[in-house]
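# Architecture and fold: a report
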Amino acid sequence: MTETVDTADTAGTGRAPDTAGTTGRAPRPGLRERKKQRTRDALLRAALELFTTQGYERTTVDEITEAVDVSQRTFFRYFAGKEDVALFLQRLAESHFIAAVRERPPHEAPLEALRRAVLESWDTIGEAIEEVVPIELHMRTYRLIESTPALLAVHLRRSEETEEEIARIVAGREGLDVDADPRPRIAVAVFGGVMRVTGRLWGAGEDTSVEAIRELTATYLDHVGPALAEKWGTAPR
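Residues numbered from 1 in each chain as written. Predicted model: local features only at pLDDT ≥ 70, side-chain atom pairs only at ≥ 80, totals over all residues. Heavy atoms only, no water.

What follows covers the nonpolar core. The biggest cluster of nonpolar side chains holds 60 residues, and the ones touching the most others in it are L44, F51 and L89. Other than its neighbours up to four places away in sequence, L89 contacts L44, L48, I129, V132, V133 and H138. (Core = buried A, V, L, I, M, F, W, Y, C linked by side-chain atoms within 4.5 Å. Buried < 20%, exposed > 50% of the residue type's maximum accessible area, 1.4 Å probe, protein only. Contact = heavy atoms within 4.5 Å.)

What follows is the structure, encoded as structure tokens:
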């Protein structure tokens, strides 16, 4: 197969994507790096289009490389496999959110900081995603992950790792030892549970827009306090 795009090696196969520029403008990369990024982005977009139109399990690496007119060797220079491609944008979004948590002002209470960080992420992630693929393709991929058991299992395992990282950030903000004080992990567990519920509900709904999942997330997070601290029904106490 004739290579029509740059096939230079790229470091970082299997690692979280570089999110430079999601919270600030990074220096413009050189020509060689831009060619490598175009190759990666072309493979990513072709793969996600195939995954979301014909199914993750039915799509082969050969089909992805044929769509971009490169070899399998080139594909594996950029991605460890199909799973790596399918979850690439989700890792980008997670990194974007973690950066937003780190930047919240120290006077905010933990759950408020997490709430504001995730809503801010939904407001700003579009720009970072659009540098790689159209935002609507990202949203379709989000739904694909929710509906594909193999991808969902990996996503949930990664979510546990992300929640541990966030718990440590929260503990640091509060001046606590995360291994001695259970509150950071409890707060993040509650927050993570809400995010999983809203993601599942949004994935089963008809509106696949960023606005829809942001609104649903805000609504559910606003109910965390009352749900945990108040009596819900009208039965006598």
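Averaged over all residues, the pLDDT of the protein is 85; the fraction at 70 or higher stands at 86%. Here residues 1-16 scores under 50 on pLDDT; set against residues more than four positions off or in separate chains, the count is 38 contacts. (pLDDT = per-residue confidence, 0-100.)

The next point concerns the packing of aromatic side chains. Under the counting rule described, the total for this entry stands at seven aromatic pairs. With 5.8 Å between their ring centres and 40° between their planes, F75 and F79 make a pair best called tilted. Given the relative accessible area of 0%, F75 is considered buried. Residue F79 is classed as buried on the basis of its relative accessible area of 0%. Relative to Y142, the ring of W122 has its centre 6.3 Å away and its plane inclined at 55°; by these criteria the two rings are tilted. (Phe/Tyr/Trp six-rings, centres within 6.5 Å; stacked < 30°, edge-to-face > 60°.)

In this section: the layout of surface pockets. For the second largest pocket, the calculated volume is near 550 Å³. Lining the second largest pocket are 25 residues; nearest its centre among them are Q90, E94, Y142, H155 and M195. (1 Å grid on protein atoms, 1.4 Å probe; cavity = no way out; pocket = protein on both sides within 12 Å on 5 of 7 lines; lining within 4 Å. Points joined across faces, edges and corners; volume = space filled by probe spheres on them.)

The next thing to look at is a negative patch on the surface. A surface patch of like charges, here negative, comprises E206, D207, E211 and E215. Relative to the helices and strands, E211 resides in helix α10 (residues 210-222). Assessed through its relative accessible area of 56%, E211 is described here as exposed. (Patch = residues over 30% accessible without salt bridge, like charges linked within 9 Å, V, L, I, M, F, W, Y side chains within 5 Å. Areas by Shrake-Rupley, 256 points an atom, 1.4 Å probe, with all protein chains shown as cover. Salt bridge = Lys/Arg side-chain N within 4 Å of Asp/Glu carboxyl O. Lys, Arg positive; Asp, Glu negative; His and termini not counted. Charge placed at Lys NZ, Arg CZ, Asp CG, Glu CD. Helix = DSSP H or I, 4+ residues; strand = E, 2+ residues; numbered from the N terminus.)

This brings us to the pattern of salt bridges. Scanning the entire structure with this criterion turns up 19 salt bridges. Its salt-bridge partner being D222, residue R115 comes within 2.8 Å of it at the nearest N-O pair. Here the residue R115 occupies a position in helix α6 (residues 110-130), and D222 occupies one in helix α10, the gap between them amounting to 107 residues. For D222, a relative accessible area of 42% translates into the label partly exposed. Two residues, D181 and R183, come together in a salt bridge whose shortest N-O distance is 2.6 Å. Overall, the relative accessible area of 15% leaves D181 in the buried class. A residue is classified by how much of its surface remains accessible, and R183, at 54% relative accessible area, is exposed.

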